[in-house]
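# Tertiary structure, described
Listed here are the chains, written in short residue letters.
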Amino acid sequence: LYTFAYMILNKDTAKKTAEVLLKVKAIKLSPSDPFRWASGWNSPIYCDNRVTLSYPYVRVFIKEEISKIVEIKYGKPDVIAGVATGAIAIGVLVAQELGVPFIYVRPEPKSHGRKNQIEGHLESGQNVVVIEDLISTGKSSLNAVRALKEAGAVVKGMVAIFSYGFDLASDNFKNSNVSLSTLSNYTYLLEQAMDSKYITEKELETLSEWRQDPKNWKS
């Protein structure tokens, strides 16, 4: 399989996360009938981590594991920030677990009212850890980081549920000097999918081929 430039603190957690995401169909694998992303890419995988919120045991697991990573890597931050909209709910749960304030960051400022991009109370100089649900290219996630830094926050890093592990995302985070940890990623997903016989050897081959060149992949 592949090795990505994202920090995975615990292999068991990575495998367990992949297992539960597959079980509740937050991640769907369909090598023979691929999905079409908004970007126009054909993909044998689709991830919607908002589905996890419908399963109490899954959201508790994710909340606790992300909270552990936050404390291990960064210590207790002053504020947890969720990236709108997908990471707002899990961000609230993590903030509650850690007993710290929560804010969230919109993709862009509102066009009316106070025209906020950051919702909630944030003071300049506060240490912030950003929570994401999914990392693809990293563009929207790093957009949120920029907004927080412009508001005077000290962004310690980001923790996400899952990453596709694209080289582009790795480069984007490296160039932005932003630390990223994920509960699981594409490598551990394929490993777990094989272990649980969710996919066949042939399907593994197809999924691996997609990962090598997702933009130009054709089923």
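Criteria and thresholds
- Residues numbered from 1 in each chain as written.
- Predicted model: local features only at pLDDT ≥ 70, side-chain atom pairs only at ≥ 80, totals over all residues.
- Heavy atoms only, no water.
- Helix = DSSP H or I, 4+ residues; strand = E, 2+ residues; numbered from the N terminus.
- Rg over C-alpha atoms; globule rule 2.2 N^0.38 Å.
- Buried < 20%, exposed > 50% of the residue type's maximum accessible area, 1.4 Å probe, protein only.
- Contact = heavy atoms within 4.5 Å.
- Areas by Shrake-Rupley, 256 points an atom, 1.4 Å probe, with all protein chains shown as cover.
- pLDDT = per-residue confidence, 0-100.
- Arc of directions from axis to C-beta.
- 1 Å grid on protein atoms, 1.4 Å probe; cavity = no way out; pocket = protein on both sides within 12 Å on 5 of 7 lines; lining within 4 Å.
- Points joined across faces, edges and corners; volume = space filled by probe spheres on them.

The number of helices and strands found in the chain is 7 helices and 10 strands. For 219 residues, the compact-globule formula gives about 17 Å, and the C-alpha radius of gyration of the chain, at 17 Å, lands near that figure. Overall, the chain is about 55 × 35 × 30 Å in size when its C-alpha atoms are taken along their principal axes. Out of the 219 residues in the chain, the part that is buried amounts to 50%. Taking all contacts inside the chain whose residues are at least 6 apart in sequence as the whole, residues at least 24 apart take part in 66%. Total accessible area on the chain stands at roughly 10,800 Å², and carbon and sulfur atoms take up 46% of it.

What follows covers the confidence of the model for the chain. A residue-level look at the chain finds 94% of positions with pLDDT of 70 or above and a mean pLDDT of 92. This stretch, residues 1-6, has a pLDDT under 50; its non-local contacts, to residues over four places away or in other chains, come to 23 contacts.

Looking at helix α5 (residues 167-175), one finds that the buried residues are Ala169, Ser170 and Phe173. Summarising the axial view, the buried residues of α5 lie within an arc of 100°, below the 170-degree limit, and thus occupy one face. When the buried face of α5 is taken as reference, the exposed residues oriented beyond 90 degrees from it are Asp167 and Asn175. Turning to α5, the residues buried within the fold contact β8 (127-135), α4 (139-150), β9 (154-163) and β10 (180-185). Downstream of α5 by a residue or two, asparagine 177 has a phi angle that is positive, lying close to 55°.

Here the focus is the environment of tryptophan 37. Along the chain, tryptophan 37 falls in the loop between β2 (35-36) and β3 (42-43). Between the C-alpha atom of tryptophan 37 and that of valine 70, which follows or precedes it by 33 residues, the distance is 30 Å. Beyond its immediate sequence surroundings of up to four residues, tryptophan 37 is in contact with Ser43, Ile45, Tyr46, Tyr164, Phe166 and Trp210.

A few words on empty space enclosed by the protein. Going through the model one piece at a time under the given rule, you end up with 1 cavity of 30 Å³ or more. Roughly 40 Å³ of volume is contained in the largest cavity.

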